[in-house]
Amino acid sequence: MSMTRLMQASLVLGLVLGTARPAAVQDFKSWSCTKVQGNLTEVVVDQRAAPWDTIGRVVSTMDGDLPSVGTAILFAVFPGSAPGTLEGKAGRWIVLSPSDHIYASDSVVLTPIPNTPDVNDVVTITIRGGRGKYENATGTIVATGRGFNFFPATVAGKSYFAFRYSGEVCVP
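Residues numbered from 1 in each chain as written. Predicted model: local features only at pLDDT ≥ 70, side-chain atom pairs only at ≥ 80, totals over all residues. Heavy atoms only, no water.

J.: Before we move on, can you summarise the confidence of the model for the protein chain with the specific residues and values?
T.: Looking at the protein chain, the pLDDT average stands at 86 and 83% of residues meet or exceed 70. Scored below 50 in pLDDT, residues 1-25 makes one contact in the model with residues more than four places away or belonging to other chains. (pLDDT = per-residue confidence, 0-100. Contact = heavy atoms within 4.5 Å.)

Below is the structure:
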């Protein structure tokens, strides 16, 4: 490449970079964030009702600031970072009305309660968007509670979870 061509290319590159605008940055200051709290109950679904959910699924109800029904599908379970715990990942769908839904990802930490078939359970629900007034929503909800009849294995109709939740939901 000749020196002239190199100078021309450098000049064009300089003009392009000098006049380029930065990418649009989301202004979260204009978003409306609401503190939420209430109760969450999850019931283990019979494996025959959802055979494609090989690790498991729950159906849920929430009261308080987010009255809704929903479901969560467990994608992964693995040994926890703390000795004796289990961790998991799930996808969640919260239906507040026919047109208002929240989509989220769950991080689950289960701690067995000695001498019982139960577990302490902490679920961090990371909101990833939704439909209706929750389109593009963000936020985090932490649900803390207990799973009943978890060991030796969850059983539809007998295994369930009861939580208290709190957090924040933000919408544009």
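From this point, things continue past the structure.
J.: Go over the sheet that holds strand β7 (residues 138-148), please, and point to the residues and values.
T.: Around the barrel, eight strands lie side by side as β1-β2-β3-β4-β5-β6-β7-β8; this closed barrel has antiparallel pairing. Direction aside, the axes of adjacent strands within the sheet are offset by 25° on average. Where strand β2 (residues 57-62) lies against strand β3 (residues 68-79), six bridges are found, and the strand directions are antiparallel. Within β3, the position partnered with Ser60 by the bridge is Gly70. (Pairing = 2+ DSSP bridges. Helix = DSSP H or I, 4+ residues; strand = E, 2+ residues; numbered from the N terminus. Axes fitted to C-alpha atoms, helices over the stretch in contact; angles between N-to-C directions.)

J.: Describe in detail the state of the cysteines, supporting the description with residues and values.
T.: Evaluation of the coordinates by the stated rule reveals one disulfide. Through a disulfide, Cys33 is tied to Cys170; the S-S separation comes to 2.1 Å. Judged by the sign of its S-S torsion, about 115°, the cystine formed by Cys33 and Cys170 is right-handed. With a gap of 137 residues between them, Cys33 in strand β1 (residues 32-44) and Cys170 in strand β8 (residues 160-171) connect regions that are remote in the sequence. Given the relative accessible area of 39%, Cys33 is considered partly exposed. A relative accessible area of 8% means that Cys170 is categorised as buried. (Disulfide = S-S within 2.5 Å. Buried < 20%, exposed > 50% of the residue type's maximum accessible area, 1.4 Å probe, protein only.)

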